[in-house]
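# Remarks on the overall topology
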Amino acid sequence: MSVRNSSAIEAFGSVLVAMVTPMDPRGRVDIDATVTLAEKLVADGADGLVLSGTTGESPTTHQPEKDEVVRAVVEAVGDRARIVAGAGSNDTKHAERIAAGARASGAHGILVVSPYYNRPSQEGVYRHIDAVVNAAELPAMIYDIPGRTGVAISDDTLDRLAQNPHVLAVKDATGDVPAGFARMRRTGLAFYSGDDSLNLAWLTHGAVGVVSVVGHVVAGAYAEMVQRIREGDLGRAQDLAVELDPIVQAIMGTGQGAVLAKAALELQGVIPHRSVRSPLVEATEGEMALLADQLRTAGLLAS
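Since the structure is predicted, the reported quantities are computational estimates derived from the model, not experimental observations. (Residues numbered from 1 in each chain as written. Predicted model: local features only at pLDDT ≥ 70, side-chain atom pairs only at ≥ 80, totals over all residues. Heavy atoms only, no water.)

### Let's talk about the pattern of salt bridges
A complete count under the given rule lists 20 salt bridges for this structure. Across the pair Glu123 and Arg160 runs a salt bridge whose closest N-O atoms are separated by 2.8 Å. Residue Glu123 is found in helix H5 (residues 122-136), and its partner Arg160 is found in helix H7 (residues 155-161); the two are separated by 37 residues along the sequence. Among the residues examined, Glu123 registers a relative accessible area of 31% and is labelled partly exposed. Under the relative-accessibility criterion, Arg160 is labelled partly exposed at 37%. Between Asp144 and Arg183 there is a salt bridge, and its shortest N-O distance comes to 3.2 Å. (Salt bridge = Lys/Arg side-chain N within 4 Å of Asp/Glu carboxyl O. Helix = DSSP H or I, 4+ residues; strand = E, 2+ residues; numbered from the N terminus. Buried < 20%, exposed > 50% of the residue type's maximum accessible area, 1.4 Å probe, protein only.)

What follows is the structure, given as structure tokens:
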């Protein structure tokens, strides 16, 4: 394993859950439920948690809330897992403030997404991410997800960002595993799968870990998958991928990971409410029934 990959695992972990932000029925952040969830995920096998990412409803939570969540989770599980704070915005100065707040609140690292909606040039993408990384002065994972942001991070831009000593890793949700494989070799950055349906593919192509939404309910299985790949037991890793696919489709098949992850956690009794903030809409009773059937079939919900 390369030095940079080892550094990334030390900084971020290998099995990270992109954690939801629990809320009460009025849409207020529920810190007690947040801590309970964080403790459950770490006990299940996650060695890293991403807070206030897309799944954590980062577009509709505000910096005081983000900082409070980081402080509470670091205090609860920061000695057992790496706590990575999302620092995403399409306003560079705003993202810098989020990054600085994450550092002050005790985060171990940050996740920086390319600026969305305003579709800057590649020079703008580079300057934005570099500025946010420097504002945090923490180990940084770059998040490349052009399907949501509307702008991909080009090879040249990633090569430049890789020169920043704080940048250790990429969370790749481009869906292009062969391109990521080439980028790993060229930049030396550690890669993490950012797409649960492609976790096995990324891991077999050299990714050091996963940043998972489905890990809310199967963190232990993903921890085993990562370990099996490292041990060269591809057969067992493939079996796990087959076993997990129905749950991946149930939670991620509609593209509403935050909504259905919260629904799954409510069904399991981990969080008291599946509430989300507008413009997201909580899972319907029909969606809950279908999800409950899948969880029961997988042995993840009592009959």
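### Examining the layout of surface pockets
Gaps left between atoms show up when a probe the size of a water molecule is rolled over them. Computed from the structure, the largest pocket encloses a volume of approximately 800 Å³. Contributing to the lining of the largest pocket are 40 residues, with Thr54, Thr55, Tyr143, Ile145 and Arg148 lying nearest its centre. The set of elements that each furnish at least two residues to the lining of the largest pocket consists of strand E4 (109-113), helix H6 (146-149), strand E8 (209-212), helix H11 (234-252) and helix H12 (257-268). Of the residues contributing to the lining of the largest pocket, the split by class is 17 nonpolar, 17 polar and six charged. (1 Å grid on protein atoms, 1.4 Å probe; cavity = no way out; pocket = protein on both sides within 12 Å on 5 of 7 lines; lining within 4 Å. Points joined across faces, edges and corners; volume = space filled by probe spheres on them. Nonpolar A, V, L, I, M, F, W, Y, C, P; charged D, E, K, R; others polar.)

### With respect to the UniProt feature "site: Part of a proton relay during catalysis" (unreviewed entry) in the chain
UniProt feature "site: Part of a proton relay during catalysis" (unreviewed entry): in the numbering of this structure it lies at Thr54 and Tyr117. The annotated residues occupy 64 residues of the chain but converge on a single region, no pair of C-alpha atoms lying more than 14.4 Å apart. In the annotation above, Thr54 are the residues that line the largest pocket. Along the polypeptide, Thr54 turns up in the loop between strand E2 (48-51) and helix H3 (63-77). (UniProt positions renumbered as here; feature names shortened; annotations may be inferred.)

### So, H11
Along H11, the sharpest change in direction is near 40° and occurs at Leu244; proline Pro246 comes one to four residues later. If you check which residues of H11 are buried, you get Ala237, Leu240, Leu244, Ile247, Val248, Ala250 and Ile251. Against the buried residues of H11 lie helix H9 (199-204), helix H10 (215-231), H12 and helix H13 (285-297). (Bend = angle between axes of the 7 residues up to and from the residue. Contact = heavy atoms within 4.5 Å.)

### Some remarks on the UniProt feature "binding site: pyruvate" (unreviewed entry) in the chain
UniProt's feature table lists "binding site: pyruvate" (unreviewed entry) at Thr55 and Val211, given in the numbering used throughout. Spatially, the listed residues are clustered: although they cover 157 residues, their C-alpha atoms lie within 10.8 Å of one another. Restricting the annotated residues just mentioned to those that line the largest pocket leaves Thr55 and Val211. With respect to the helices and strands, Thr55 occurs in the loop between E2 and H3. Contacts of Thr55, omitting those with residues within four sequence positions, involve Ala18, Met19, Val20, Thr21, Val213, His216 and Ala258. Relative to the elements of secondary structure, Val211 occurs in strand E8.

### A short note on the pairing of strand E5 (residues 140-144)
Most of E5 sits out of view: five of its five residues are buried. Side-chain alternation along E5 places Ala140, Ile142 and Asp144 on one buried face and Met141 and Tyr143 on a second face that is also buried. By the bridge criterion, four bridges tie E4 to E5 in an arrangement that is parallel. By the bridge assignment, Val112 is partnered in E5 with Ile142. Traced from E4 through H5 to E5, the parallel crossover comes out right-handed. Relative to strand E6 (residues 167-172), E5 runs parallel, the two sharing five bridges. Pairing of Met141 across the sheet is with Ala169, part of E6. (Pairing = 2+ DSSP bridges. Right-handed = clockwise from strand over helix to strand, strands pointing away.)

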